[in-house]
Structure formats: structure tokens, C-alpha cells
Amino acid sequence: MDWARLPYFLAVAQTGSLRAAAEHIGATHATVDRNLRALEEDYGVRLFDRSKQGLRLTAAGEVLLPMAEEAGLLVSNARRKVQGLDEEARGTVRLSMPAGFLPGRFAQIIARFERAYPDIELRISVTNKFEDINRSETDVSIRIAHQIDDDVVGRKVLQYSGNVFASQDYLDRHWADAGPGGEGLQWIGWGETDPIPDWVKASPFPKARLRYMVRSPTMIGQLVSAGMGMSYLPYSAQDWIPGLVEMPSCKPFLDRSIWLLLHSDLRRTTRVRVLIEHLAQEIRALRAIFLGPLA
């Protein structure tokens, strides 16, 4: 509270009266008096002698004055240096993104951002954990979801589509011998613990065996490419995984959306805003890759 009350002390010391100090600092007479008395109570000393002629510094006030002036100067300098920084395209922005998001392309997206905004430093966290914006774990988050329920500002950039994919080698070896409902085929799962998850039962191949339960979308794509089985994948996986083909009789479907999230307090911060705009523009430019035949 000292920091908040020192300006009132300085104003009275400089003007010599409560009324003049109130006009100087843009406050009421009562506000100046209340803060001055609270400061004296906190310090346990009288800072001014009060008389009809005004207020005069006591010995304690004389000791405090130069230190208060120095503190005021430090605060003014800090304000001058900090003020307007949010209006400049400079500083640090923390960005979190899911693993496996646009491998091979995202580095180029960041490289183009750096060339456009060389004074903005990005600290990138690649994680499948949802980093909490409201707890200041990150400033901007790329989120893949059907909807966003967090208390944050969210921009829905693009909805992508997916299908069931396998490798051509896997089809050549197994498709001709597959039985009804995909019997004889095998799924590469997403880390489920149920023997037969609901998504398998609702799929075009409910009788296919579920194997290789994996929590990494990158590893799932690599296993599919290596001919180990089939899996649901976004069409964008074809951009970075060679040899993916759609399973026969499977139709493309609209899946989740790509969101850009940020804390509401940061939406007018220039360094954050230009990053959001850059990412949105770059992702939308890849619409055909994300949507495949539904583009």
C-alpha cells in the first residue's frame, strides 16, 4: 500500500496543502487526507504538522521526502518504458500446439512469421496436454476440438475432414481376404482400454481386430504407413506420411476444427494479435490439404 499512497504524500509535500494537492493529483480533498493519514498510521509517525497556514513536513517527513521522490522517479521511468509495449510488434509470445500438427510445414510457417516480425520471439511448446491459458501457462494455443468451453477468446479457423486410411501394401496383402465387417483386418487404436471401443463398433469394419493402441498421432500415422493396419486419420496426414490410401467403401467425413485460443486480456496486444492473424491466414491457405475431397 505504500506505493499507492506515496503519490499523495509527494503532492502534499510539493503543494503545502490538501486542497492544492488534490487539484494537482486529480483527486478529492478527502481522498488525499485519508491516504496521508493511513500512511502516517502505517509508519507510526507524523509526516506533517498541520496548521491554518497549511501542512509542513516534520523531521520524519523530511527523511521520507527524498526517498519518496526517488521512488516516484523510478515508477515514472518504468511507466515510460513499459507504456505502449503492447502496441508494438515486439516481445515474447508463448505458443502451445499439439504434437503432429502440420509436420514439415509448421517450421516454414514460423520462418515466414519471423521474417515478417523479427522483434517477436516465440517460445513454442509442442504437447498434447491442454496448457491452461487462464493460469498463464501459455499465451496462444492451437487447439483441435469440436468446441471450446474454456473461458478464453477462441477463433475457429478451419474444420478439417478425415477418413479411414491404410497403406497400399496393407490393402494388397489383406483386402481380398477380408470377411464381412472387416474380419481379418486390424485397427491401430488410439490408446483405448476397452476391448472393442464404441468407435470400432460404429465403423465400417466393426469386426476388425483392434491392435497397437497408441496415444501419439504421429506414431499412428507411421504404423499405418508401415503396413501395420488401418486407422482414422485426417486428410492432412497425406501431406507428410507417404503411401496413405483411403480404405475402400469408406467415405470422407467432417471432423474436429482447428482453433486459435488466447486470454481475453491479450487480444489487443499487438505481438499476440499479429501472431493470431498470421497463423489463421497460413492455416486457411492449406484448406485443400485439411479438407481433402471435401474442399
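Residues numbered from 1 in each chain as written. Predicted model: local features only at pLDDT ≥ 70, side-chain atom pairs only at ≥ 80, totals over all residues. Heavy atoms only, no water.

**Student:** Would you mind showing me how to read the pattern of salt bridges here?
**Tutor:** Opposite charge on two side chains permits pairing when their charged atoms draw close. Taken as a whole and assessed by the stated rule, the structure comprises 14 salt bridges. In this structure, Asp 139 engages Arg 94 in a salt bridge whose closest nitrogen and oxygen atoms are separated by 2.9 Å. In this pair, Asp 139 is assigned in the loop between strand S4 (120–126) and strand S5 (140–145) and Arg 94 in strand S3 (residues 91–97), connecting sequence segments 45 residues apart. Residue Arg 94 is classed as partly exposed on the basis of its relative accessible area, which comes to 27%. Within this structure, Arg 46, Asp 49 and Arg 56 form a network of salt bridges that share partners. (Salt bridge = Lys/Arg side-chain N within 4 Å of Asp/Glu carboxyl O. Helix = DSSP H or I, 4+ residues; strand = E, 2+ residues; numbered from the N terminus. Buried < 20%, exposed > 50% of the residue type's maximum accessible area, 1.4 Å probe, protein only.)

**Student:** It is not clear to me how the packing of aromatic side chains should be interpreted in this structure. Could you clarify?
**Tutor:** Each aromatic ring pair is specified by the distance between its two centres and by the angle formed by the two planes. Applying the stated criterion across every chain yields a total of 11 aromatic pairs. Look at Phe 9 and Phe 48: their rings are 5.5 Å apart centre to centre, the planes differ by 50°, and that puts the pair in the tilted class. Of this pair, Phe 9 sits in helix H1 (residues 2–15) while Phe 48 sits in strand S1 (residues 48–51), and the two are 39 residues apart along the sequence. The exposure classification of Phe 9 matches that of Phe 48, with both residues buried. A ring pair is formed by Tyr 232 and Phe 253, whose centres lie 5.7 Å apart and whose planes are at 80°; its orientation type is edge-to-face. Of this pair, Tyr 232 sits in strand S9 (residues 231–234) while Phe 253 is found in strand S11 (residues 253–262), placing the two residues 21 residues apart along the sequence. The exposure class assigned to Tyr 232 is partly exposed, which follows from its relative accessible area of 22%. Aromatic ring contacts, followed pair by pair, group Trp 175, Trp 187, Trp 199, Phe 205, Tyr 232 and Phe 253 into a single cluster. (Phe/Tyr/Trp six-rings, centres within 6.5 Å; stacked < 30°, edge-to-face > 60°.)

**Student:** Help me out: how do you make sense of the environment of Ala 78 in this one?
**Tutor:** Inspection of the secondary structure assignment puts Ala 78 in helix H4 (residues 59–82). In this structure the C-alpha to C-alpha distance between Ala 78 and Ala 288, which are 210 residues apart in sequence, comes to 49 Å.

**Student:** Please explain the nonpolar core as it appears in this structure.
**Tutor:** In summary, soluble globular proteins display a tendency toward joint burial of nonpolar side chains. Among the nonpolar cores identified, the biggest contains 30 residues, and Phe 101, Phe 106, Ile 142, Ile 258, Leu 279 and Phe 290 are the most heavily contacted of them. Only S3, helix H5 (106–116), S4, S5, strand S6 (153–167), S11 and helix H9 (270–284) provide two or more residues apiece to this core. Per element, the largest residue contribution to this core is seven residues, and it comes from H9. Once residues within four sequence positions are removed from consideration, Phe 106 is found in contact with Leu 95, Met 97, Phe 101, Ile 142 and Leu 279. (Core = buried A, V, L, I, M, F, W, Y, C linked by side-chain atoms within 4.5 Å. Contact = heavy atoms within 4.5 Å.)

**Student:** Please explain the pairing of S3 as it appears in this structure.
**Tutor:** Remark: a regular strand shows side chains that alternate across the two faces of the sheet. Note: S3 against S4, seven bridges, orientation parallel. Each residue of the ladder has a partner; that of Met 97, found in S4, is Val 126. For the crossover that starts at S3, traverses H5 and ends in the parallel S4, the hand is right-handed. Pairing between S3 and S5: two bridges, direction parallel. Pairing of Ser 96 across the sheet is with Ser 141, part of S5. (Pairing = 2+ DSSP bridges. Right-handed = clockwise from strand over helix to strand, strands pointing away.)

**Student:** Looking at this structure, I do not really get the packing of H5 against H9. What am I missing?
**Tutor:** Two packed helices can be described by the angle between their axes and the distance between those axes. Two numbers describe how H5 lies on H9: the axes approach to 11 Å, and their chain directions differ by 135°. Taken together, the axes of H5 and H9 are oblique relative to one another. At the point where H5 passes H9, the crossing takes the right-handed sense. Taken together, the residues of H9 that come into contact with H5 (itself represented by Phe 106, Ile 109, Arg 112 and Phe 113) are Val 274, Leu 275, His 278, Leu 279 and Glu 282. (Axes fitted to C-alpha atoms, helices over the stretch in contact; angles between N-to-C directions. Parallel < 35°, antiparallel > 145°, perpendicular 65-115°, else oblique. Left-handed = near helix turned anticlockwise from the far one by under 90°.)

**Student:** Looking at this structure, how should I read unusual backbone geometry?
**Tutor:** Trans is the prevailing form of peptide bonds, just as negative phi is the prevailing case for residues other than glycine. The backbone phi angle of Leu 102 is positive, close to 50°, even though this residue is not glycine. In this structure Leu 102 comes out as buried when scored by relative accessible area, which is 6%. Despite not being glycine, Tyr 212 has its phi angle at roughly 55°, a positive value. By secondary structure assignment, the location of Tyr 212 is in the loop between strand S8 (209–211) and helix H8 (217–225).

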